[in-house]
Protein chains: 2
Amino acid sequence: MSEGLPPSSGSSPTLEDVARAAGVSRATVSRVINGIRNVDPAIQETVRKAIAATGYVPNQAARSLVTRRTGAIALVVSGAGDESGEDPFPGQVFADPFFGRVAGGIVGFLRPRGVHPILMFAETAETRAQVLAYLRQGNADGAVLVSTNADDPLPKLLVEAGLPAVLFARPPEPLPISYVDVQHRAGAKLAADHLVARGCKRIATISGPMAVPASQDRLAGFRDAMAVHGQPYIPWVEGSFTYPSGEAAMERLLAEHPDIDGVFVANDVMAQAALVVLRHHGRRVPEDVAVVGFDDSSAALACRPPLTTIRHPVEDMAAEMARLLLAHIEEPERQATSVIFEPALVVRESA
Amino acid sequence: MSEGLPPSSGSSPTLEDVARAAGVSRATVSRVINGIRNVDPAIQETVRKAIAATGYVPNQAARSLVTRRTGAIALVVSGAGDESGEDPFPGQVFADPFFGRVAGGIVGFLRPRGVHPILMFAETAETRAQVLAYLRQGNADGAVLVSTNADDPLPKLLVEAGLPAVLFARPPEPLPISYVDVQHRAGAKLAADHLVARGCKRIATISGPMAVPASQDRLAGFRDAMAVHGQPYIPWVEGSFTYPSGEAAMERLLAEHPDIDGVFVANDVMAQAALVVLRHHGRRVPEDVAVVGFDDSSAALACRPPLTTIRHPVEDMAAEMARLLLAHIEEPERQATSVIFEPALVVRESA
DNA sequence: CTCACCACAGAGAGCGCTCTCTCCCTTCTC
DNA sequence: GAGAAGGGAGAGAGCGCTCTCTGTGGTGAG
């Protein structure tokens, strides 16, 4: 054993070195390290000792070369939309706590399985091509995609390239690709029911952009629920999920319907803007006007008063995305599936 | 050319296929794809066409096997500290916008260079070992480390393993490892000067934990600057960078020195807590007591009133970390270096 | 006693790429 | 016109691993 230590000059020990030290063949050491089928326990022990003695660590590149697996997946944040905006720092996107929650959920699921996410960012045609090339080169076994804008071409490109991928939300156009999403209609219904239960009589809504499926669903769900409560017509202004659009929408709503006493806003950021506008106009929240948001983002807590909102289980959804992706990688012929989560009402002070 | 297309059955084309299609050797195709030295322009053109025709994409695993480079680095978030706390979702850490800014800065620098970060999370001995093993297996060429607590053993482990790594802040114990940091003393001086310039006469401070080098520097810098302003003694309470510790510290400060009119708090989260405590005690901010924080985190904007604070250039620092790491990977014998950034005062309403 | 069978270990062929070494042919110099 | 010099292309040896195939010894059945 003392003469076992091979040259070990400079570079790290290889399977061959361990095999020599243990007095067995390379194949046997490989068997011990991996699936361990049909190896004599005594020899297993010898091999393990040799591994410890040599300080052997398997080389992932060599392994990947033959297994055609890397044990890594790409976590792609796609489409700040601005094709023009030359932003070298994708800071805003990553700084959004929503992204952090997604990352946390994914890492939480993947880590115990020895898989790690590679952080990528794609907002231009060039960077999208980069992501695609990266996956084709076999740097990662698949991709989990979080799109920030609706008409992101990446999902389609991934499908066409036959690369395993899972989306965070239902794609605008039907695509044979798995995704997770939240029951937007059910969430909107929670908001409607809550406003009605509070006693609101003249209720309006600020929706997200109609190009986004989630916006459509939230609006439709809200209308349907209100219709059940006997209110078939709901004043409505379309926003674009941004703060300024929320301001403008609330201003218009107040101008056209000064007597409203309840508003459902399709995301928290616009709701935050709406609160400021309402205060500007001397409306007390929730006494004069009750406001319900959507997302339960960090903006909800930063609001004055804190925002009543609809929460999606982002971490669970992210973990599910990872689970679906691994399943697709394992079994490439598997059909695309969707997993839809149930949202919950978080009551704070704004409604 | 039309007969060029090789079987291409199932799997993707290899260098060999391209070489056959172009009528040259594998080596020549490799030359064209990489450094392009000494290749006839006409042949280059032929090879390029063959590459396009076959849809060839180099296999990263095969390449890594011989070059011993992966083109990936690990972005390690280390030490939520809680060795016991069995938290499967490292959500809180990633959800912190600070982390997002770091990630953004790193991706911004690495992407143009074709390098990608692998997201890792290490808070227990087991996960630290995982990170180390991961790097040793050659999954990544080095690591960029953001520690959240002072006595993180990972930096030392990385140094001992001889793995290229760069830290986000100066390690508590001296270590031959590169890091970026901010001039904490200069930042504290900015706060001191601002409070004095405002006319504050009875100034106190809430520091971070003394185990953290940054806390020591901020406190020392603040004291030194105040001494220059003729105030050698500054009432001081130690916090631990958390919200509750900020509350407790402010309560104590008010109890012991009810007449204070200015406070420098060593981070924004504690400052946020301090603001709430001050309001509870009927103190107006900034009229009765002016408050300056540190970090310019998202908490600073969520404060009422918005917090005057010290901002570090997090994105720039993160980019510099990435730059240093790539330099170390390129040139392993290179000495450890540090790059220290200048902080800036952000004046809002609290002081 | 012979044969089939099983459990196990070794041999060796690649995976797809890079890179050194070698060779060839052109060009320049004296 | 011969030899040196050098640019440009091919041959082939690995990089470290997995996995199939083959070989061997021991066991139970016929």
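Residues numbered from 1 in each chain as written. Chains lettered and ligands numbered in written order. Predicted model: local features only at pLDDT ≥ 70, side-chain atom pairs only at ≥ 80, totals over all residues. Heavy atoms only, no water.

- As annotated in an unreviewed UniProt entry, chain A carries the name LacI family transcriptional regulator and is attributed to Planobispora siamensis.

## Quick look at the protein's contact with DNA strand C
- Around DNA strand C sit 29 residues, and of these T28(A), R31(A), R68(A), L15(B) and Y56(B) come closest.
- When the atoms of DNA strand C within 4 Å of the protein are sorted by group, sugar and phosphate make up 65%.
- At a separation of 3.0 Å, a base nitrogen of DNA strand C approaches a polar side-chain atom of R26(A).
- With respect to DNA strand C, the side chain of R26(B) contributes an N or O atom lying 3.1 Å from a base oxygen.
- Mapped by element, the contributors of at least two residues to the surface near DNA strand C are helix 2 (26-33) and helix 4 (60-67) of chain A together with helix 2 (26-33) and helix 4 (60-67) of chain B.
- It is helix 4 of chain B that provides the largest number of residues to the surface near DNA strand C, a total of five residues.
- Its residues placed into classes, the surface near DNA strand C shows 13 nonpolar, eight polar and eight charged. (Near = heavy atom within 4 Å. Polar contact = N/O pair within 3.5 Å; in protein donor to acceptor, adjacent residues only side chain to side chain. Helix = DSSP H or I, 4+ residues; strand = E, 2+ residues; numbered from the N terminus. Nonpolar A, V, L, I, M, F, W, Y, C, P; charged D, E, K, R; others polar.)

## So, the interface of chain B and chain A
- Of the residues lining the interface, 45 residues belong to chain B; the matching set on chain A comes to 45 residues.
- Summing both partners gives a buried area of about 3800 Å² for chain B against chain A, and 64% of it is carried by carbon and sulfur.
- For the pair chain B and chain A, the number of links is two salt bridges.
- One salt bridge in this structure joins R111(A) and E123(B), with 3.3 Å as the shortest N-O distance. (Contact = heavy atoms within 4.5 Å. Buried area = accessible area lost by both parts, 1.4 Å probe. Salt bridge = Lys/Arg side-chain N within 4 Å of Asp/Glu carboxyl O.)

## Regarding helix 1 (residues 15-22) of chain A
Residue and element names in this part refer to chain A.
- Counting buried residues in helix 1 gives six out of eight residues, a clear majority hidden from the surface.
- Where helix 1 is buried, its residues meet helix 2 and helix 3 (41-54).
- Looking one or two places after helix 1, you find G23, whose phi comes out positive at around 70 degrees. (Buried < 20%, exposed > 50% of the residue type's maximum accessible area, 1.4 Å probe, protein only.)

## With respect to the sheet that holds strand 8 (residues 262-265) of chain A
Residues and elements named next belong to chain A.
- Read across the open sheet, the four strands follow the order 7-6-8-9; overall the sheet is parallel. Two strands in the sheet have a free side with no partner beyond their single neighbour: strand 7 (236-238) and strand 9 (290-292). Here the average twist between neighbouring strands, direction ignored, is 15 degrees.
- Inspection of the sheet shows strand 6 (residues 203-207) paired to strand 7 by three bridges, in the parallel sense. Among the inter-strand pairings, T205 is bridged to a residue of strand 7, identified as W236.
- In the packing of helix 9 (residues 184-197) onto the sheet, contacts are made with strand 6, strand 8 and strand 9, and the angle to strand 8 comes to roughly 170 degrees. (Pairing = 2+ DSSP bridges. Axes fitted to C-alpha atoms, helices over the stretch in contact; angles between N-to-C directions.)

## Regarding unusual backbone geometry
- Of note, the bond from V285(A) into P286(A) is cis; its omega dihedral lies within 30 degrees of zero at 10 degrees.
- Tracing the sequence through the fold places P286(A) in the loop between helix 12 (268-280) and strand 9.
- With a phi angle near 50 degrees, D296(A) is a residue other than glycine that sits in the positive phi range.
- Looking at the element boundaries, D296(A) is found in the loop between strand 9 and helix 13 (298-302).
- Positive phi outside glycine occurs at F241(B), with the angle close to 70 degrees.

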